[in-house]
Amino acid sequence: MTQSRPGDQRPGPFWAAARAHALSAATLHGLAVFPLSRSKLPAIATAHPEPSATCIGQCGGSGHGVHDASADPARVRELFAAAPWAAGYGIACGTAPHHLFGLDLDCKNGVDGVAALRALAAGHGFDVPRTVMVATQSGGWHLWLKAPDGAKIPNTAGLLAPGIDTRGWGGYMVGPGSLGPKGRYRFARTFSQCGIAEAPTAIIDLLTARQAAVQEFPGLVGAGGRSGRSGGHLEPLVRFVLNCGPNDLNNRLYWAARKAFESDDITPDTATAELLAAAVQCGHPETPARRTIASAAKGAVRTRTEGAS
């Protein structure tokens, strides 16, 4: 949960380790970082609670989520000073000098992202590069790659293949050493073993083509043509938010939340938590995202009321 104000609070039990790991990432590897809570959301309250706010840091303050990220150690210390309950840190994707792009491979609930990536590589004629790799709290893997200069890799869920998500421009990855709800993230392959590899051209081309299809046909949210209109499950709606284009995040969030709240198979608390996390992951400020979800909930109530009258 994002903390409201640091005030005179003493740092929480995981703060010192989180700050140390974040500072190492910034100073040793030039990675732009910012503090996260244990829920993996930004640990600094939004600077602009009004829903119409569009500032992503132009005001010079903190509280803009991933847009606060910095590789300047002094700035990182300032950010953590404002986040006494931080338990980890996020690494901004798409920023210089690395133009970091992450492959998030899930290995749970019958899905094997590692096997899916190997099959994708075999089917499209590319090798999975040896690169920095992080083991996630839930048994999955983050592969760190470099995107081509000028490329804005989208944040997606299942668009390349089931079990493979991407973290790109405007998104972030949880940094190694961070503590999440289920455990700690850790390096599985470090900078001392290899550098961050260039992303295979075939992956970039596949993402570009499939993202274009998503934008042309908004109901398409994942590989295999699965649609967010099924209404019975939350996962496709989360993917619909994650697979957004550069200008349609808030509209997608409202649509997905509305569908979730109108469904009898999805609890409101679960819908709110997962859709909020997806929106923030894509760079949406937390408080405006909450307001959009709340607006969708009211709309769903109106729909139910009208249907019952």
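Residues numbered from 1 in each chain as written. Predicted model: local features only at pLDDT ≥ 70, side-chain atom pairs only at ≥ 80, totals over all residues. Heavy atoms only, no water.

Peer 1: Explain the side chain of Thr131 to me, and be specific about the residues and the numbers.
Peer 2: Tracing the sequence through the fold places Thr131 in the loop between helix H3 (113-124) and strand S6 (133-135). A polar contact is formed between the side chain of Thr131 and the backbone oxygen of Trp144, at a distance of 2.5 Å. For Thr131, the side chain forms a polar contact with the main-chain nitrogen of Ala197, separated by 2.9 Å. Beyond its immediate chain neighbours, meaning those up to four positions away, Thr131 contacts Leu143, Trp144, Leu145, Arg189, Cys194, Gly195, Ile196 and Ala197. (Helix = DSSP H or I, 4+ residues; strand = E, 2+ residues; numbered from the N terminus. Polar contact = N/O pair within 3.5 Å; in protein donor to acceptor, adjacent residues only side chain to side chain. Contact = heavy atoms within 4.5 Å.)

Peer 1: Could you give me a rundown of helix H1 (residues 15-29), with the residues and numbers involved?
Peer 2: In this model, H1 (15 residues) spans 21 Å end to end at C-alpha, consistent with the 21 Å of a helix rising 1.5 Å per residue. Of the residues making up H1, those classed as buried are Trp15, Ala18, Ala22, Leu23, Ala25 and Ala26. Buried residues of H1, viewed axially, fall in a sector of 155°; they line one side. Among the structural elements, strand S1 (33-36), helix H2 (73-81) and strand S2 (88-92) are those in contact with the buried residues of H1. (Expected span 1.5 Å × (residues − 1). Buried < 20%, exposed > 50% of the residue type's maximum accessible area, 1.4 Å probe, protein only. Arc of directions from axis to C-beta.)

Peer 1: Explain helix H5 (residues 235-242) residue by residue, including any values.
Peer 2: Taken across its eight residues, H5 has seven buried, putting it largely inside the fold. Listing the buried residues of H5 in full gives Pro236, Leu237, Val238, Arg239, Phe240, Val241 and Leu242. For H5, the elements touching its buried residues are strand S8 (156-161), strand S9 (164-167), helix H6 (249-262) and helix H7 (268-281).

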